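Structural characterization, general
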Amino acid sequence: MPYARTEDFLATCAALTDHALEERLPATEEAPGRLHEAMRYSVLGGGKRIRPALAMAAACAVGGEPEQALVCACAVELIHAYSLIHDDLPAMDDDDLRRGRPTTHIRFDQATAILAGDALQALAFEWLAGAHSLTADTRLAMVQKLAAASGTGGMVGGQAIDLGAVGRDLSLEQLEQMHRRKTGALIEASVRLGVLSVPAAAGGPSHHDSLDHYARAIGLAFQVQDDLLDIEGDTSIIGKPQGSDAARSKPTYPALMGVDGARAYLATLLEQCRDSLSGFGPEADALRGMAEFVVSRRY
Ligand code: GRG
């Protein structure tokens with residue numbers, strides 16, 4: 001990896017993604033200006049850009065360059081931003097703070113927040129379908145994968161299970177199924193779209209299976225660390241109220257396994273990420289670094 005540290009890789013990916021998003025999102029000067037302002041506020045207001053970096057790292061792992069994955073990096077980030085806007089609404093998690101700033105419905109209003117989320121979701125697919133530097137087959141495969149990861153078999157279905165589980169006991173297996181859909185599916189799609197971005201991707205199907213295994217493990221690891229941060233994090237660093245899972249009686253990994261159990265599980269998932277990349281050389285170092293980052297992040 002030509003990057004000395006994962007933080008440098010992440011910063012490069014974030015800068016590329018931010019620049020492209022800034023340029024491509026509809027301008028506030030264009031009507032309907034308030035809707036566009038809300039879309040830009042939600043997408044451009046910070047965020048670690050983990051999913052774009054994973055797409056770019058996956059492209060590198062199969063012999064490509066980060067820039068090749070730029071359009072899918074932007075598309076997954078739009079889906080992510082839409083999910084956060086809707087998740088923060090009063091009908092869902094009813095949060096006032098996100099990324100250290102007022103949530104979209106607080107800064108604007110609920111109707112504008114709902115529409116901004118809807119428009120961002122549609123725009124993600126418009127950008128993928130219109131990425132003419134890729135073949136039509138590749139674009140179709142990307143649209144299909146991202147749609148599946150976003151819909152009832154993925155994020156939206158996981159969110160429905162999550163909302164239905166508040167105040168109820170879930171088994172560890174049920175919790176895992178919920179997170180595989182709610183947050184894991186979009187992370188898995190980010191990796192897969194990154195691979196699809198490289199036309200002559202190196203390695204055969206077994207390489208691609210290994211990357212799917214990596215994506216599943218890092219998707220769960222992301223959630224376990226998110227649950228731990230809700231207990232151990234600092235509101236001013238994590239950018240949202242600490243302790244909100246417990247306050248809402250949400251089922252979490254630490255609630256089911258204890259904090260030490262959740263930490264041990266996190267270490268196992270990191271090991272799974274490393275093992276799944278054992279057949280790769282230095283070209284997968286960015287993916288290795290991203291796994292380390294996800295399990296040790298403080299925000
Ligand atoms: C409302 C359709 C719909 C779906 C919501 C993913 C999701 C489903 C809701 C997000 C709620 C949440 C906070 C889940 C915990 C994991 C998570 C997605 C955290 C935020 O992701 P980061 O840490 O955020 O990548 P940044 O701000 O860095 O982009």
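About the criteria used
- Residues numbered from 1 in each chain as written.
- Predicted model: local features only at pLDDT ≥ 70, side-chain atom pairs only at ≥ 80, totals over all residues.
- Heavy atoms only, no water.
- Helix = DSSP H or I, 4+ residues; strand = E, 2+ residues; numbered from the N terminus.
- Rg over C-alpha atoms; globule rule 2.2 N^0.38 Å.
- Buried < 20%, exposed > 50% of the residue type's maximum accessible area, 1.4 Å probe, protein only.
- Contact = heavy atoms within 4.5 Å.
- Areas by Shrake-Rupley, 256 points an atom, 1.4 Å probe, with all protein chains shown as cover.
- Near = heavy atom within 4 Å.
- Polar contact = N/O pair within 3.5 Å; in protein donor to acceptor, adjacent residues only side chain to side chain.
- Nonpolar A, V, L, I, M, F, W, Y, C, P; charged D, E, K, R; others polar.
- Axes fitted to C-alpha atoms, helices over the stretch in contact; angles between N-to-C directions.
- Left-handed = near helix turned anticlockwise from the far one by under 90°.
- Expected span 1.5 Å × (residues − 1).
- Arc of directions from axis to C-beta.
- Core = buried A, V, L, I, M, F, W, Y, C linked by side-chain atoms within 4.5 Å.
- Salt bridge = Lys/Arg side-chain N within 4 Å of Asp/Glu carboxyl O.

**Considerations on the overall build of the protein chain**
- Counting its regular elements, the protein chain contains 14 helices and 2 strands.
- For the protein chain, the C-alpha radius of gyration of 18 Å lies close to 19 Å, the compact-globule estimate for 299 residues.
- By its C-alpha atoms, the protein chain is 50 × 45 × 35 Å across when sized along the principal axes.
- For the protein chain, the proportion of its 299 residues judged to be buried stands at 53%.
- Put simply, 73% of the contacts in the protein chain that link residues at least 6 apart link residues at least 24 apart.
- Per element, the accessible surface of the protein chain, about 12,600 Å² overall, is 54% carbon and sulfur.

**Focus on the site of the ligand**
- Within the structure, the ligand sits among 21 residues, and Lys-48, Arg-51, His-80, Asp-87 and Arg-99 are positioned closest to it.
- With respect to the ligand, the side chain of Lys-48 contributes an N or O atom lying 2.6 Å from an oxygen atom.
- Between Arg-99 and the ligand, the recorded distance is 2.8 Å, taken from a side-chain N or O atom to an oxygen atom.
- Isolated, the ligand exposes 700 Å² of accessible area, and the fraction of that covered by the protein chains is 93%.
- Of the residues that constitute the shell around the ligand, the class distribution is 6 nonpolar, 7 polar and 8 charged.

**What to know about unusual backbone geometry**
- For the bond running from Ala-31 to Pro-32, omega is -5°, close enough to zero to count as cis.
- By the secondary structure assignment, Pro-32 is in the loop between helix 1 (6–24) and helix 2 (33–44).
- Even without being a glycine, Arg-99 presents a positive backbone phi close to 55°.
- Of note, Arg-99 is situated in the loop between strand 1 (97–98) and strand 2 (101–102).

**Examining the side chain of Ser-190**
- Mapped onto the elements of the fold, Ser-190 is located in helix 9 (residues 172–196).
- Its relative accessible area of 0% is what places Ser-190 among the buried residues.
- Reaching out from Ser-190, the side chain makes a polar contact with the backbone oxygen of Leu-186 at a distance of 2.7 Å.
- Sequence-distant contacts of Ser-190, that is, excluding residues within four places in its chain, are made with Arg-51, Leu-54, Ala-55 and Val-76.

**Brief notes about the packing of helix 8 (residues 155–165) against helix 9**
- Close contact between helix 8 and helix 9 brings their axes to 7 Å; oriented N to C, the two are set at 145°. Once helix 8 is placed against helix 9, the crossing between them reads as left-handed. Between helix 8 and helix 9, the contacting residues are Met-155, Gly-157, Gly-158, Gln-159, Ile-161 and Asp-162 on the first element and Met-178, Arg-181, Lys-182, Ala-185 and Leu-186 on the second.
- When its residues are assigned to classes, the contact of helix 8 with helix 9 shows 5 nonpolar, 3 polar and 3 charged.

**Brief notes about the environment of Met-178**
- With respect to the secondary-structure elements, Met-178 resides in helix 9.
- Using a relative accessible area of 0% as the deciding quantity, one classes Met-178 as buried.
- A sequence separation of 13 residues divides Met-178 from Ala-165, and the C-alpha atoms of the two residues are 9.6 Å apart.
- With residues near it in sequence (within four places) discarded, Met-178 still touches Gly-158, Ile-161, Asp-162 and Leu-170.

**Observations concerning helix 14 (residues 285–296)**
- Between its first and last C-alpha, helix 14 extends 17 Å over 12 residues, near the 16 Å set by a 1.5 Å rise per residue.
- Turning to helix 14, its buried residues number three or more, namely Ala-286, Leu-287, Gly-289, Met-290, Ala-291, Phe-293, Val-294 and Val-295.

**What about helix 7 (residues 136–150)?**
- For helix 7, with 15 residues, the first-to-last C-alpha span of 21 Å sits near the 21 Å given by 1.5 Å per residue.
- Taken residue by residue, helix 7 has Thr-138, Arg-139, Met-142, Leu-146, Ala-149 and Ser-150 as its buried positions. Mapping the buried residues of helix 7 onto a view down its axis gives an arc of 100°, with all of them on the same face. Residues Ala-136, Asp-137, Leu-140 and Gln-144 are exposed on helix 7 and point more than 90 degrees away from its buried face.
- Where helix 7 is buried, its residues meet helix 4 (70–87), helix 6 (110–129), helix 8 and helix 9.

**Concerning the nonpolar core**
- Leu-146, Tyr-214 and Met-290 are the most contacted members of the largest nonpolar core, which totals 89 residues.
- Looking at this core element by element, the count peaks at 11 residues for helix 4.

**Structural notes on the pattern of salt bridges**
- Inspection of every chain in the model, using the stated rule, returns 17 salt bridges.
- When the shortest N-O distance is used, the salt bridge between Asp-212 and Arg-192 registers 3.1 Å. With a gap of 20 residues between them, Asp-212 in helix 10 (residues 205–232) and Arg-192 in helix 9 connect regions that are remote in the sequence.
- Residue Asp-226 pairs with Arg-297 through a salt bridge whose shortest N-O separation is 3.1 Å. In this pair, Asp-226 is assigned in helix 10 and Arg-297 in the segment after helix 14, connecting sequence segments 71 residues apart.

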